[in-house]
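# Commentary on secondary and tertiary structure
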Amino acid sequence: MSLSELRVFGRSGTPISPLTLGTMNFGEGTGTQGAPTGAEEGIRIIHAALDAGITAIDTADVYSQGESEQVVGRALRGRRDDVFLATKFHGQMSPNPAHSGNSRRWITQAVEAACAGCRRTGSTCTRRTGPTTTPTSWKPSPPLMT
Amino acid sequence: MFTPAQLVEAQWLATTNHLIPPLGNQVPYSMLVRGNERDVLPIAQQYGLGVLAYGPLAGGWLSGSFVLEAGKPPTRVHTLPGRYDISGPSSERKLLAADSLARLADKLELSLVDLAVGFALAHPAISSVIIGPRSEEHLAAYLRAADVRLGESVLDAIDDLVPPGTNFVERDAGAIVPSIEFAELRRR
């Protein structure tokens, strides 16, 4: 096995590296996950991973409450098209219950926020519904608790 | 997390409504968290779902920084106490398994990270294994592991230590399914 032996992601037809860089640890740690790796270190790790041959990155809106997505966006400036990028929605992003879950409205907002993170930082994210932004971990809603 | 039934239902719903069926999933998979070998990974193969496997080090249990003798818990023990509670009998079995896997790696002159990543990469349903480096040193260790290809005899030895399909702790599956998590769903 080596990083250059790409594998096709299911029936998407997209080849990706056998390792995917997870970015849950990146951000200043405002989230519940206690992210221990600062933004600058995160960007260095992302660049080192891409240089080594990793072509897939996984993030989520809830990782450090959006900071991980922003770190990824900054690191991918000019390299966005080289990467198979996965992000997620569903988790609670603010005290407003509408800012979570799997409603069509929130999914759209979450994807737009993820893409805005890229645009703000000069990267591009135009294939919102394409395989490069496939949400891989959307979750069923738990029953409404009262 | 999706149950196996939900994964299949999503394909069915999309197909019968002439929509585009989901094509990916992300699941925990490691030498210590093998429950998805039962249904989720075969379903992914059957329906052509790409799979990103997370937690190849089982959240730190297979990082190599834990040694049984020292009784030192993995670093995230404080942030996710439920997952790292080492007092229960299931966790005790998991600890022993982690220790025996570390010994196996030693015998093979591999790092435990090599063995763990090599194992996750070996399943044919897995498209890619998610790594979670906190530093450039961690990244280097993971990159070295990408070059490891485990032979049949090594995979057999892992199966002997942790039988296929094993989850030591329910919540290691990624989430507890609502039907058993919420009392309201199983009481009139």
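Reference entry: report on the structure contained in this document. As the structure is a computational prediction, the values presented were derived from the model and not from experiment.

### Considering the overall build of chain B
When its secondary structure is counted, chain B shows eight helices and three strands. Element order for chain B, N to C, with α for helix and β for strand: α-β-α-β-α-α-α-β-α-α-α. The 188 residues of chain B split such that 41% are buried. Within chain B, counting contacts between residues at least 6 apart in sequence, those at least 24 apart form 72% of the total.

### Some words on the packing of helix α5 (residues 112-122) of chain B against helix α6 (residues 136-145) of chain B
Residues and elements named next belong to chain B. Between α5 and α6, whose axes approach to 8 Å, the crossing angle comes to 55 degrees. The orientation of α5 relative to α6 falls into the category oblique. The two elements α5 and α6 cross, and the hand of that crossing is right-handed. Residue-level contacts link Val113, Asp114, Val117 and Gly118 of α5 to Ala141, Tyr142, Arg144 and Ala145 of α6. Along the lines of polarity and charge, the residues of the contact of α5 with α6 split into five nonpolar, one polar and two charged.

### Side note on the packing of helix α1 (residues 39-52) of chain A against α6 of chain B
Across the interface, α1 of chain A lies against α6 of chain B with an axial gap of 10 Å and an inter-helix angle of 20 degrees. Here α1 of chain A is positioned roughly parallel relative to α6 of chain B, judged by the angle of their axes. Judged by the twist between their axes, the crossing of α1 of chain A over α6 of chain B is right-handed. Of α6 of chain B, the residues touching α1 of chain A (which contributes Arg44, Ile45, Ala48, Ala49 and Ala52 of chain A) are Glu136, Leu139 and Leu143 of chain B.

### A look at the interface of chain B and chain A
Residue-level contacts link 35 residues of chain B with 37 residues of chain A. Among the elements of the structure, β1 (24-28), β2 (50-54), β3 (128-131) and α6 of chain B are those that each provide at least two residues to the side of chain B that touches chain A. Here the residues of the side of chain B that touches chain A sort into 19 nonpolar, eleven polar and five charged. One ladder, built from three bridges, connects strand β3 (residues 19-22) of chain A with β3 of chain B; its direction is parallel. Looking at the pairing, leucine 19 of chain A lines up with valine 129 of chain B of β3 of chain B.

### With respect to the pairing of β1 of chain B
All names here are of chain B. With five of five residues buried, β1 lies mostly within the body of the structure. In the sheet, β1 pairs with β2 via five bridges, with the strands oriented parallel. Along β2, the bridge assignment pairs glutamine 26 with leucine 52. This β-α-β element, β1 to helix α2 (residues 40-47) to β2, shows right-handed connectivity.

### Some remarks on helix α4 (residues 89-107) of chain B
Residues and elements named next belong to chain B. The terminal C-alpha atoms of α4, which comprises 19 residues, lie 27 Å apart, in line with the 27 Å expected from a rise of 1.5 Å per residue. Restricting attention to buried positions, one finds in α4 the residues Lys94, Ala97, Ala98, Leu101, Ala102 and Ala105. Buried residues along α4 cover an arc of 145 degrees about the axis, so they all sit on one side. Exposed and facing more than 90 degrees away from the buried side of α4 are Pro89, Glu92 and Lys107. Looking at the buried residues of α4, the elements they touch are α5 and α7 (152-161).

### Topic: the pairing of β3 of chain B
Residue and element names in this part refer to chain B. By the alternation rule, side chains of β3 split into Ser128 and Ile130 and Val129 and Ile131, which are all buried. Pairing geometry for β2 and β3, over two bridges, is parallel. What sits directly across from leucine 52, in β3, is serine 128.

Criteria and thresholds
- Residues numbered from 1 in each chain as written.
- Chains lettered and ligands numbered in written order.
- Predicted model: local features only at pLDDT ≥ 70, side-chain atom pairs only at ≥ 80, totals over all residues.
- Helix = DSSP H or I, 4+ residues; strand = E, 2+ residues; numbered from the N terminus.
- Buried ≥ 20, exposed ≤ 12 C-beta atoms within 10 Å, placed from the backbone.
- Contact = placed C-beta atoms within 7 Å.
- Axes fitted to C-alpha atoms, helices over the stretch in contact; angles between N-to-C directions.
- Parallel < 35°, antiparallel > 145°, perpendicular 65-115°, else oblique.
- Left-handed = near helix turned anticlockwise from the far one by under 90°.
- Nonpolar A, V, L, I, M, F, W, Y, C, P; charged D, E, K, R; others polar.
- Pairing = 2+ DSSP bridges.
- Right-handed = clockwise from strand over helix to strand, strands pointing away.
- Expected span 1.5 Å × (residues − 1).
- Arc of directions from axis to C-beta.

In short, shape yes, function no, at least from these values alone.
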